Amino acid sequence: DTGVSQDPRHKITKRGQNVTFRCDPISEHNRLYWYRQTLGQGPEFLTYFQNEAQLEKSRLLSDRFSAERPKGSFSTLEIQRTEQGDSAMYLCASSLGEYQPQHFGDGTRLSIL
Amino acid sequence: AQSVAQPEDQVNVAEGNPLTVKCTYSVSGNPYLFWYVQYPNRGLQFLLKYITGDNLVKGSYGFEAEFNKSQTSFHLKKPSALVSDSALYFCAVRDTISSGSARQLTFGSGTQLTVLP
């Protein structure tokens, strides 16, 4: 069990730039989740994949955000035209089934200058 | 809509003493409840879950949690705290009858546990 891997761990960018994060879930897990966590808060759900299908998206996921999981394995989360308010920790999680625990990666911390 | 409340931002306890981290929830149907722990600059680690069955759930690292339906609570407990237990603890809930994105986990705002040597 190699765990959920996220890359990069830290990203610093200027406002208005585009950024892309990658998540590699645990290999046998078909469900993949993206969350956003700001300081002093719990993670907030962004979107969810079952295999390659994006089944649910939160209202938090504005049209500047897009996520993909093209082959049902790794996933990418892209933020276009970044804003100051996008500064947060972006967490990826995966699970084996609907009621199984989600296993989290260590996150990508995004800082917008 | 589902929600979770962790009424204490900070809990301090002496090493060797029992600890309790409180969580209350609100759901329309039956709850699925989880506890996670987060260390600085790390992701969340699963501790334990309640879906159905025995109200006392045992989890990792000696932690346990008690589900109380009448009080809508799911408090995390440990009989004897260790300094290494110091971390941020999150309670999370899922409603069995919600639909769409509401079926996903809702997390509390977290409780910082500090175990004093």
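So, here is what we can say about the structure in this document. Chains are numbered independently. Their residues run from 1 in the order of the written sequence. For naming, the first written chain is A and the first written ligand is 1, with later ones following in the order written. Predicted model: local features are reported for residues with pLDDT of at least 70 only, side-chain atom pairs are reported and counted for 80 or more only, and whole-chain, interface and lining totals are derived from all residues. Excluding hydrogens and water, the side-chain figures rest on all heavy atoms present in the structure.

**A word on the side chain of A:Q6**
All names here are of chain A. Stated formally: The helix count covers DSSP runs of H or I at least four residues long, the strand count covers runs of E at least two residues long, and both are numbered beginning at the N terminus. Under the rule applied, a polar contact is a pair of N or O atoms within 3.5 Å (in protein, one hydrogen donor and one hydrogen acceptor; residues adjacent in sequence only if both atoms are side-chain atoms). Should any heavy atoms of two residues lie within 4.5 Å, those residues are counted as being in contact.
Structurally, Q6 is set in strand β1 (residues 5-7). Polar side-chain contacts of Q6 include one of 3.0 Å to the backbone oxygen of Y90. A polar atom in the side chain of Q6 sits 2.9 Å from the backbone nitrogen of C92. Residue contacts for Q6: discarding those within four places in its chain leaves R22, C23, W34, Y90, L91, C92, G105, D106, G107 and T108.

**What to know about the layout of surface pockets**
One water molecule sets the probe size; rolling that probe over the atoms shows where empty space is left. Threshold: A 1.4 Å probe that fits into a set of points on a 1 Å grid over the protein atoms alone but cannot get out defines a cavity; an open set with protein on both sides within 12 Å along at least five of seven lines defines a pocket, and lining residues are those with an atom within 4 Å of a point. Grid points are joined across faces, edges and corners, and a volume is the space filled by probe spheres set on the points.
Its boundaries defined by the atoms lining it, the second largest pocket holds a volume of some 290 Å³. Considering the residues around the second largest pocket, the lining is formed by 16 residues, among which A:Q37, A:L39, A:R109, B:Q38 and B:L88 are closest to the centre.

**A closer look at the nonpolar core**
Residues and elements named next belong to chain B. To keep things clear, this is the line we draw: Buried Ala, Val, Leu, Ile, Met, Phe, Trp, Tyr and Cys residues form a nonpolar core when they are joined through side-chain atoms within 4.5 Å. A 1.4 Å probe rolled over the protein chains alone gives each residue an accessible area, and that area as a share of the maximum for its type sets the label: buried under 20%, exposed over 50%, partly exposed in between.
Of all hydrophobic cores here, the largest spans 27 residues; its most connected members are W35, L47, L48, F74, L76 and Y89. No other element matches the four residues that strand β10 (residues 87-95) contributes to this core. With residues near it in sequence (within four places) discarded, L48 still touches L33, F34, W35, V57, K58, G59, F63, E64, A65, F74 and L76.

**A few points about the pattern of salt bridges**
All names here are of chain A. The cut-off we apply is this: Throughout this description, the term salt bridge denotes a Lys or Arg side-chain nitrogen within 4 Å of a carboxyl oxygen of Asp or Glu.
According to the stated counting rule, one finds seven salt bridges over all chains in the structure shown. The closest approach of N and O atoms between E83 and R64, which form a salt bridge, is 3.4 Å. Here E83, found in the loop between β8 (75-79) and β9 (88-95), pairs with R64, found in the loop between β6 (53-57) and β7 (65-68); they are 19 residues apart in sequence, far enough to count as distant. Given the relative accessible area of 41%, E83 is considered partly exposed.

**Comments concerning the state of the cysteines**
All names here are of chain A. Selection criterion: Any two cysteine sulfur atoms within 2.5 Å of one another count as a disulfide.
Applying the stated rule across the entire model yields two disulfides over all chains. Linked covalently through their sulfurs, C23 and C92 form a disulfide whose S-S length is 1.9 Å. Looking down the S-S bond of the C23 and C92 bridge, the torsion is -70°, so its handedness is left-handed. Taken as a pair, C23 in strand β3 (residues 19-24) and C92 in strand β9 lie far apart in primary sequence, 69 residues in all.

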